[in-house]
Amino acid sequence: MNIAIIGGGAAGFFCAIELKREIPHSNITIYESGEQALSKVAITGGGRCNLTNSFREIKSLKSAYPRGEQVIKRAFKVFDQNSTCKWFENESVKLVIQEDQCIFPKSQNALEIVNKLITLAKKLDIKILTNHKVKSIKFKSQLNEESPLLYNIEFNSKENLTTTADFVVVTTGGAYRPESLSFLKEFNLEIVPPAPSLFTFNLTENNKLSELCSCAGNVIQDVKLNISRTKFESNGTILITHWGISGPATLKLSSYSSRYLYDNNYRADLRVKWIEENEIKTFIINNINNFPKKNIKNTHPEKLSSKLWEYLISKTHIKTDLRWEEISSKMVNRIIETITNDCYTINGKGEYKEEFVTAGGISLSNINLNTLEAKSYQGLYFAGEVLDIDAITGGFNLQAAWSTGYVVAKSIKKAISTNRLM
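Note that this is a predicted model, so its numbers are computed, not measured. (Residues numbered from 1 in each chain as written. Predicted model: local features only at pLDDT ≥ 70, side-chain atom pairs only at ≥ 80, totals over all residues. Heavy atoms only, no water.)

1. Comments concerning the environment of Ile-412
Move 1: When you line up the elements, Ile-412 lands in helix H12 (residues 396-417).
Move 2: Among the residues examined, Ile-412 registers a relative accessible area of 0% and is labelled buried.
Move 3: Sequence separation between Ile-412 and Val-219 is 193 residues, and the spatial gap between their C-alpha atoms is 47 Å.
Move 4: Among residues more than four places away in sequence, those in contact with Ile-412 are Ile-3, Leu-19, Ile-23, Phe-167, Val-169 and Tyr-381. (Helix = DSSP H or I, 4+ residues; strand = E, 2+ residues; numbered from the N terminus. Buried < 20%, exposed > 50% of the residue type's maximum accessible area, 1.4 Å probe, protein only. Contact = heavy atoms within 4.5 Å.)

2. Thoughts on the packing of helix H9 (residues 277-290) against helix H11 (residues 329-340)
Move 1: Running from N to C, H9 and H11 point in directions that differ by 145 degrees, and their axes come no closer than 10 Å. Our pair here, H9 against H11, has a crossing hand that is right-handed. Contacts between H9 and H11 involve Glu-277, Ile-280, Lys-281, Ile-284 and Ile-288 from the former and Val-332, Ile-335, Ile-336, Ile-339 and Thr-340 from the latter. (Axes fitted to C-alpha atoms, helices over the stretch in contact; angles between N-to-C directions. Left-handed = near helix turned anticlockwise from the far one by under 90°.)

3. Notes on the pattern of salt bridges
Move 1: Using the criterion set out here, one finds 16 salt bridges in the structure.
Move 2: Of the charged contacts, one joins Lys-73 and Glu-69 as a salt bridge, the two residues approaching to 3.8 Å between their closest N and O atoms. Remark: Glu-69 and Lys-73 occur in helix H4 (residues 69-76); sequence separation between them is four residues, near one turn of the helix.
Move 3: A residue is classified by how much of its surface remains accessible, and Lys-73, at 38% relative accessible area, is partly exposed.
Move 4: Each member of the salt-bridge network shares a partner with another, and the members are Glu-18, Arg-21 and Glu-91. (Salt bridge = Lys/Arg side-chain N within 4 Å of Asp/Glu carboxyl O.)

4. Description of the nonpolar core
Move 1: Residues Tyr-65, Ile-137, Val-168, Phe-382 and Ile-412 are the most contacted members of the largest nonpolar core, which totals 89 residues.
Move 2: Take this core: its biggest share by element is twelve residues, from H12.
Move 3: If we skip the residues at most four places from it in the chain, Ile-137 touches Ile-6, Tyr-151, Asn-152, Ile-153, Val-168, Phe-183, Leu-184, Glu-186 and Phe-187. (Core = buried A, V, L, I, M, F, W, Y, C linked by side-chain atoms within 4.5 Å.)

So this is what it looks like as structure tokens:
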């Protein structure tokens, strides 16, 4: 029984390991196009490897998985975040949960995970072949009908290397370009055009870099972001950068609005609520009543730095050297409006280089959502980001890889045990 895993990433290795444990007599080979397997896992989470998330703060899977929620919901019935933690702990990987519910190896070293997966694969006699980029995969019906194997796989190489397999599992990761999946053209699968997800925002005002960038380095918690005239919104921590904004809330919003921003050439109006209306109103009234002689710029809300506060006040066209007792009711309203409904123009994106994720890939309409097998081709499976599944930052994308990889392993075991393809 020959099983080919196309792609040496998280989903590919996890699937291969579970397959070999379930079907010890099988011949499993992982084919990786690059020079090293698991290269993305090695840099995820800033090199610390955000394995998964506790999901304690996730009210619905849709909030974590803008695309592919239905697949993840089914997969979690088989293998969820708790299963992931137990799996790695059983392999002697100690884990820690951060306050933000992200789960990391206690070593804070992604290479512990990389080495663990590679060591397990080798121990189980799983072949790992790097620099093997697939050129094409063909189904038996396109070959000799008497062929005992279902699939023929051809690689891009001077020697025109080929191999055959009874089962093929495609785990090539994000399809950064439509042509990335050209090796599957024989199957006429519907492919959702890839679009970047998890990126920072370049901000402009009046067609030039926003003056907000003068506050680069400021970290502000509990900020609410919204793409104007849409339902895309997020809240959390943001980081002001030299080009715009970054941070968890920004990355989350980029995930939710990925397709929208892609279709609009990464240009949109962004609304920022720095502080809730009742909170800023209380702050202003307190200063007017208790500190009337103080300058506005010298008394700022606790969550905002003095520099950011002064910049925001300057946007209201109120002189920052005015005292609180000199502030009129109209000025109060202007401050409240700016703090709760600040506006910027998104004019391009920055790449979140540590965990670049794409929306799009193999359309879920092609796939049996319970088994992750192609509806029209027995023995052809998909797992991980190659599917039109992606998530916000926080360990959710890797969890999707573990879960879908595991589901495919179980599905192939069942297919073999029922002699479906024998």
